[in-house]
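This is what each chain is made of:
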Amino acid sequence: MNHPPGPAPARSLIRSMLPTGRLRENLVLAACLALFLIYGSFRQRYVWGVDSYGYYQLGKLFSEGRLFLPVEWSGSARAALVPLGFSLAGGGLHAVPNYPPGFPLLVALGQLVRAPMWVTPFLGVVSCLVLFALLRDRVREGTTWLFTLAWAFMPLTVYGSTLMMSDLVAATTLMGGLLSYRRGHVAAAAWIFGLSIAVRPTNLLFFAPFALVLRPDRRTLLLALHLAAPCALYGWYNSHLYGAPWRTGYGDVWGNLRPEFFPAHFAFYLTAGVAILSPLIAALAVCGLVPWTREKLFLALWPGTLVVFYSFWAGGGIDRWWWARFILPGLGAVFLLAAGGFETAGRWFERWWPGARAGLARMALGIAVFSLPLYYVHYGRSQNDLWQRDTGSIYYEVVRRVGLIAPPGSLVGSVELTSTFRLYSGQIPFVPIEATAPDLIGQALAQGRRVYLIPEPWNATHPVILEIERRFQAREIARFDFIWNGLPVLELSAR
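Cut-offs used in this document
Residue indices begin from 1 for each chain and proceed along its sequence in written order. For this predicted model, a pLDDT threshold of at least 70 governs which residues receive local features, and a threshold of 80 or more governs which side-chain atom pairs are given and counted, while totals over whole chains, interfaces and linings are taken from all residues. Side-chain measures here rest on the full set of heavy atoms in the structure, leaving out hydrogens and waters. Segments assigned H or I by DSSP are reported as helices when at least four residues long, segments assigned E as strands when at least two residues long, and all are numbered from the N terminus. Exposure classes here rest on a 1.4 Å probe applied to the protein chains alone. A residue is buried below 20% of its type maximum, exposed above 50%, and partly exposed in between. Angles run from 0 to 180 degrees between N-to-C directions of axes, and those axes are lines fitted to C-alpha atoms, restricted for helices to the stretch in contact. Orientation labels follow simple angle bins: below 35 degrees gives roughly parallel, above 145 gives roughly antiparallel, 65 to 115 gives roughly perpendicular, and whatever is left gives oblique. Should the near helix be turned counterclockwise from the far one by less than a right angle, the crossing is left-handed, whereas a clockwise turn marks it as right-handed. For this analysis, residues touch if any pair of their heavy atoms sits within 4.5 Å. Classification used: nonpolar for Ala, Val, Leu, Ile, Met, Phe, Trp, Tyr, Cys and Pro, charged for Asp, Glu, Lys and Arg, polar for all others including Gly. DSSP bridges decide pairing: two strands pair if at least two such bridges lie between them. Among the buried residues, those of types Ala, Val, Leu, Ile, Met, Phe, Trp, Tyr and Cys that are joined through side-chain atoms within 4.5 Å form a nonpolar core. Pairing of aromatic rings covers Phe, Tyr and Trp, the last counted by its six-membered ring, and requires centre-to-centre distances within 6.5 Å; plane angles under 30 degrees mean stacked, over 60 mean edge-to-face, and any other angle means tilted. Two joining distances apply to patches: 9 Å for like charges and 5 Å for nonpolar side chains (Val, Leu, Ile, Met, Phe, Trp, Tyr), and every residue must have over 30% relative accessible area and no salt bridge. Method for areas: the Shrake-Rupley scheme with a 1.4 Å probe, in which residue coverage is limited to the protein chains shown. Take a side-chain nitrogen of Lys or Arg and a carboxyl oxygen of Asp or Glu: if they are within 4 Å of each other, that pair is a salt bridge. Cavity: a set of points on a 1 Å grid over the protein atoms alone where a 1.4 Å probe fits but cannot get out. Pocket: an open set with protein on both sides within 12 Å along at least five of seven lines, its lining residues, like those of a cavity, having an atom within 4 Å of a point. Grid points are joined across faces, edges and corners, and a volume is the space filled by probe spheres set on the points.

Engineer: Even after reading the chapter, I still don't get the environment of A264, so can you show me in this structure?
Structural biologist: Within the secondary structure layout, A264 lies in helix α12 (residues 262-277). With relative accessibility at 40%, the residue A264 sits in the partly exposed group. Each C-alpha atom of the pair A264 and L84 lies 28 Å from the other, and the pair is 180 residues apart in sequence.

Engineer: Help me out: how do you make sense of the packing of helix α15 (residues 331-352) against helix α16 (residues 356-370) in this one?
Structural biologist: In a pair of packed helices, the angle between the axes and the distance between the axes together describe the arrangement. Remark: α15 packs on α16, axes separated minimally by 8 Å, with the N-to-C direction vectors making an angle of 160°. Between α15 and α16, the angle is such that the two are roughly antiparallel. Pair α15 / α16 crosses with right-handed handedness. In contact with F342, A345, G346, F349 and E350 of α15, α16 contributes A358, A361, R362, L365, G366 and V369. A per-class count over the contact of α15 with α16 returns 7 nonpolar, 2 polar and 2 charged.

Engineer: Can you help me understand the sheet that holds strand β3 (residues 94-97) in this one?
Structural biologist: If you walk across this open sheet you meet the 3 strands as β1-β3-β2, and the pairing is antiparallel. Each having just a single partner strand, β1 (69-70) and β2 (86-89) make up the two edges of the open sheet. The pairing of β1 with β3 spans 2 bridges and is antiparallel. Across the sheet, residue L69 finds its bridge partner in β3, namely A95. In the packing of helix α3 (residues 51-63) onto the sheet, contacts are made with β1, β2 and β3, and the angle to β2 comes to roughly 55°.

Engineer: When you look at the side chain of T172 in this model, what are you seeing that I'm missing?
Structural biologist: Note on placement: T172 falls in helix α8 (residues 167-182). Not counting residues within four places of it along the chain, the set of residues in contact with T172 comprises L123, V126 and S127.

Engineer: Before we go on, may I ask you to explain the pairing of β3 in this structure?
Structural biologist: When a strand is regular, its side chains alternate between the sheet's two faces. Of the strand pairs in this sheet, β2 and β3 are connected by 4 bridges, and their pairing is antiparallel. Among the inter-strand pairings, L88 is bridged to a residue of β3, identified as A95. What sits between β2 and β3 in their antiparallel hairpin is a turn of 4 residues, with G90 showing a positive phi close to 60°.

Engineer: Can you help me understand the nonpolar core in this one?
Structural biologist: Side chains that are nonpolar tend, in soluble globular proteins, to be buried together. Core analysis: the biggest nonpolar cluster contains 132 residues, and F147, W151, M154, F210 and F335 have the highest contact counts within it. Each residue touching F210, except ones within four places of it in the same chain, is listed here: L178, Y181, F193, L223 and F298. Listed in part, the 15 residues of the second largest apolar core include A406, I454, A478 and F480.

Engineer: How should the packing of aromatic side chains be read in this particular structure?
Structural biologist: For any pair of aromatic rings, the description consists of the separation of the ring centres together with the inter-plane angle of the planes. Under the defined criterion, the tally for this structure stands at 47 aromatic pairs. Note on F298 and W302: the rings are 5.7 Å apart at their centroids and 15° apart in plane angle, and the pair reads as stacked. One end of the pair is F298 and the other is W302, both in helix α14 (residues 294-311) and 4 residues apart, which spans about a single turn. We classify F298 as buried; its relative accessible area is 0%. When its relative accessible area of 2% is taken as the criterion, W302 is described as buried.

Engineer: Mind showing me how you'd approach a nonpolar patch on the surface here?
Structural biologist: On the surface, L109, L112 and V113 cluster together into a nonpolar patch covering about 330 Å² of accessible area. Structurally, the position occupied by V113 is in the loop between α4 (102-112) and α5 (119-136). You can call V113 exposed: its relative accessible area is 60%.

Engineer: Just to check I follow, could you spell out the sheet that holds strand β7 (residues 472-480) for this structure?
Structural biologist: Strand pairing in a sheet relies on backbone hydrogen bonds. The paired strands run either parallel or antiparallel. Judged by pairing direction, the sheet is mixed, and its 5 strands sit side by side in the order β5-β4-β6-β8-β7 without closing on themselves. Two strands in the sheet have a free side with no partner beyond their single neighbour: β5 (428-430) and β7. On average, each strand axis in the sheet is tilted by 25° relative to the strand beside it, whichever way the strands run. Relative to strand β8 (residues 487-494), β7 runs antiparallel, the two being bridged by 8 bridges. Paired with Q473 across the bridge in β8 is S493. Helix α18 (residues 393-403) rests against β4 (411-413), β7 and β8 of the sheet, and its axis sits at about 120° to β7.

Engineer: How do you make sense of the pattern of salt bridges when you look at a structure like this?
Structural biologist: Side chains that differ in charge, positive against negative, can pair when their charged atoms come close. One pass over the structure, following the stated rule, counts 21 salt bridges. One salt bridge connects E295 with R138, and the closest N-O pair in it is separated by 3.1 Å. Of this pair, E295 sits in helix α14 while R138 sits in the loop between α5 and α6 (141-153), and the two are 157 residues apart along the sequence. On the basis of relative accessibility, which here comes to 22%, the residue E295 falls in the partly exposed class.

Engineer: I tried to follow empty space enclosed by the protein on my own but got confused; where do I start?
Structural biologist: Over the atoms rolls a probe the size of a water molecule, and its path tells where empty space is left. By the definition in use, this model includes 1 cavity of 30 Å³ or more. Of the pockets and cavities examined, the largest cavity occupies roughly 40 Å³. Around the largest cavity sit F42, T162, L163, D385, L386, W387, Q388 and T391, which together line it. Partitioned by chemical class, the residues of the lining of the largest cavity number 4 nonpolar, 3 polar and 1 charged.

Printed below as a string of structure tokens:
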């Protein structure tokens with residue numbers, strides 16, 4: 001991109017302040033190391049819930065050369081033993097994952113070096129490097145540093161860099177594929193794009209706006225031919241596990257697209273997106289659309305397509321800020337537009353206020369962008385679920401305390417804690433809201449096993465939980481007041 005020359009003294013001063021040569025390389029390395037340590041110090045410590053367990057456990061299986069999660073139980077009621085994130089298959093002998101394989105493949109590499117929880121901090125740094133390179137191709141170096149710094153501390157970037165989640169991985173692989181394509185590495189771009197689709201199948205939506213900037217030439221044809229190979233591998237994986245190349249572990253995705261969700265979800269993505277990115281980034285991104293080009297239309301439609309799609313999706317929510325993570329794979333485009341808007345605003349200042357006033361206005365805008373990390377950290381800390389060093393530890397503490405009560409080999413029923421029990425205890429967890437849970441409890445008691453039930457407050461009146469309490473004697477033996485305003489531990493016995 002060509003930039004009109006600014007005042008020579010100002011340009012010389014700015015250039016004198018920027019690092020060059022080996023100093024620049026050392027600065028980049030130091031920044032990457034600092035970010036890696038920051039993300040790593042706030043990384044998730046323990047696995048809990050459905051999403052992080054689904055990715056972690058599948059990555060562990062891949063590192064062991066396996067695709068399926070075994071279900072070791074001699075009785076017929078195996079379904080209740082399958083943790084959320086997996087589904088029973090193979091005649092009830094094993095469980096298939098509900099999550100796509102792209103991110104778990106990267107987690108598997110972390111498993112092999114015994115550092116799975118460091119995978120997302122590492123990829124968070126990679127996301128910054130990729131965005132830095134994309135920005136460097138479009139704007140001045142000083143602008144590149146400013147907006148890469150902002151991206152590094154943007155709440156959703158930190159969320160994806162510190163938790164065992166796939167959102168930032170999906171964003172990084174899309175940006176990486178785009179960077180490789182822009183640099184002429186067509187084969188690498190195709191495989192990175194293929195990995196991106198395997199990380200999150202909805203990343204296919206990216207190719208609709210991307211088609212606007214593709215030319216009907218040899219390079220586009222090569223991209224399509226190379227992309228066929230990773231897509232074929234992913235199709236084989238889906239066929240092997242789910243019976244057809246187009247089926248994924250998510251089940252009926254189209255059935256979860258409902259128009260009644262659109263108004264509230266669309267409003268949420270717009271308002272939460274502006275709050276998370278900051279009104280400044282949003283305003284600069286709008287400025288970056290001027291003058292209008294096909295390239296800018298692509299950048300605007302990239303996140304816009306995701307916003308529209310997820311506004312229809314019933315699997316999302318609007319009660320917490322982090323539901324906006326679904327559109328994170330498109331937010332790199334917003335930063336590219338905002339960086340361009342930053343420089344466009346600078347040229348407007350020179351046109352409106354020639355001389356020193358333009359320089360002061362540009363300096364004030366630069367200071368505002370430079371201060372964005374302060375806003376981002378404040379926003380994240382005010383949500384009370386970001387920038388925390390004990391993520392997941394409260395679930396581990398429950399498991400540890402139950403381990404002092406329940407002997408190894410006991411059955412423990414919980415929804416939220418199933419994954420934590422599987423990974424960090426000697427008990428056998430089961431899902432107590434699954435229809436076969438009462439039969440499983442009966443079989444376990446008949447085998448002489450001890451059985452415990454830990455019903456979360458919101459599951460206490462679930463029909464299956466009520467059926468369990470009707471069929472079996474439940475005696476409270478402990479209560480943990482440090483989680484969910486009181487969590488009971490019930491021991492079950494035959495009536």
